[in-house]
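Listed below, chain by chain, are the residues.
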Amino acid sequence: MPVPVKDGPRVNRDIRDREIMLIDAEGANLGVTLTVDAIRMAEEQALDLVEVAPNATPPVCKIMDFGRFRFQEQKKAAEARKKQKTVEIKEIKLRPGIDDHDYDVKMRAMKSFFEEGNKVKVTLRFRGREMAHQDLGMKVLIRVRSETAELAKVELEPSMEGRQMTMVLAPR
């Protein structure tokens with residue numbers, strides 16, 4: 001049966017190299033040492049031998065408390081996840097003959113999306129005979145682009161997809 005692969009650094013007797021570069025608990029470099037001697041030194045201090053740079057030649061190992069090391073790594077990962085911001089794509093749907101008041105309401109919503117740091121996909125849907133007047137739809141999208149120029153940049157130029165015209169804007 002294959003040996004199960006552990007995630008994370010190798011510790012104590014899992015280190016298979018004969019010689020390692022050893023760093024003690026205080027951070028001092030002790031030079032190239034036999035692995036068995038390094039493990040014995042770690043056990044005398046009631047600590048663990050942890051492989052911190054496995055790809056180096058010889059691998060770099062440090063004497064430390066592995067439980068505390070793992071806890072610190074988990075804390076760093078949780079902190080990184082907390083600071084991570086996911087960018088969503090919000091969609092605003094328009095029509096070629098949109099009234100001024102309706103247009104203003106949609107623009108206010110778009111501006112609030114940009115302030116939150118989200119992208120906005122502007123979809124302009126054509127119905128029936130409106131397909132014959134695609135230039136009206138293009139004028140609406142050009143108006144949207146010009147009014148949001150200081151807040152957003154065009155990420156995807158206006159293009160036709162079936163009966164609708166789409167454009168994607170990203171915050172500056």
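Everything discussed here concerns the structure shown above.
In what follows, the accompanying structure is described.

What counts and what doesn't
Residues numbered from 1 in each chain as written. Predicted model: local features only at pLDDT ≥ 70, side-chain atom pairs only at ≥ 80, totals over all residues. Heavy atoms only, no water. Helix = DSSP H or I, 4+ residues; strand = E, 2+ residues; numbered from the N terminus. Expected span 1.5 Å × (residues − 1). Buried < 20%, exposed > 50% of the residue type's maximum accessible area, 1.4 Å probe, protein only. Arc of directions from axis to C-beta. Contact = heavy atoms within 4.5 Å. Phe/Tyr/Trp six-rings, centres within 6.5 Å; stacked < 30°, edge-to-face > 60°. Lys NZ or Arg CZ within 6 Å of the ring centre and 35° of its normal. Pairing = 2+ DSSP bridges. Axes fitted to C-alpha atoms, helices over the stretch in contact; angles between N-to-C directions. Polar contact = N/O pair within 3.5 Å; in protein donor to acceptor, adjacent residues only side chain to side chain.

1. Regarding helix H3 (residues 100-115)
Each full turn of the α-helix corresponds to 3.6 residues, which orients residues three or four apart in the same direction. Taking 1.5 Å per residue, 16 residues should reach 22 Å; H3 reaches 23 Å between its end C-alpha atoms and fits that length. Here H3 has its buried residues at Tyr103, Met107, Met110, Phe113 and Phe114. For H3, the buried positions fall inside an angular range of 115 degrees around the axis, keeping them on one side. Opposite the buried face of H3, by more than 90 degrees, sit the exposed residues His101, Arg108 and Glu115. In this fold, the buried residues of H3 make contact with strand S5 (89-94), strand S6 (119-125), helix H4 (134-147), strand S7 (152-161) and strand S8 (164-171). Just downstream of H3 lies Gly117, where phi reads positive at about 90 degrees.

2. Let's talk about the packing of aromatic side chains
In total, this model carries 1 aromatic pair according to the counting rule given. Positioned over the ring face of Tyr103 is Arg143, at 3.7 Å from the centre of the ring.

3. Things to note about the sheet that holds strand S4 (residues 60-64)
Read from one edge of the open sheet, 4 strands run S2-S1-S4-S3, paired in mixed fashion. In the strand order of this sheet, the two ends are held by strand S2 (29-34) and strand S3 (48-53), each with one partner. Strand-to-strand twist of the sheet, defined as the mean angle between neighbouring strand axes without regard to direction, takes the value 35 degrees. Bridge count for strand S1 (residues 19-23) against S2 is 5 bridges, and the pairing is antiparallel. The residue of S2 that forms the bridge with Met21 is Val32. On top of the sheet, helix H1 (residues 35-44) reaches S1, S2, S3 and S4; it is set at about 120 degrees to S2, its chief contact.

4. Comments concerning the environment of Asp37
Counting through the fold element by element, Asp37 comes out in helix H1. Looking at Asp37, the relative accessible area reads 26%, which means it is partly exposed.

5. Digging into the pairing of S3
Both S3 and S4 contribute to a ladder of 5 bridges, which runs antiparallel. In the strand pairing of S4, Leu49 is matched with Ile63. Between S3 and S4, which follow one another and run antiparallel, lie 6 residues.

6. A word on helix H2 (residues 66-83)
In a regular helix each residue adds 1.5 Å, so 18 residues correspond to 26 Å; H2 covers 26 Å between its end C-alpha atoms and thus fits that length. Capping the start of H2 is the job of one residue whose side-chain oxygen sits 3.3 Å from the backbone nitrogen of Gly67: Asp65.

7. Focus on the sheet that holds S6
With mixed pairing, 4 strands are arranged side by side in an open sheet as S5-S6-S8-S7. Only two strands of the sheet have a single partner each, and these edge strands are S5 and S7. This sheet shows a mean twist of 20 degrees between the axes of neighbouring strands, independent of strand direction. Of the strands in this sheet, S5, S6, S7 and S8 touch H3, which is tilted by about 170 degrees from S5. In the packing of H4 onto the sheet, contacts are made with S5, S6, S7 and S8, and the angle to S8 comes to roughly 5 degrees.

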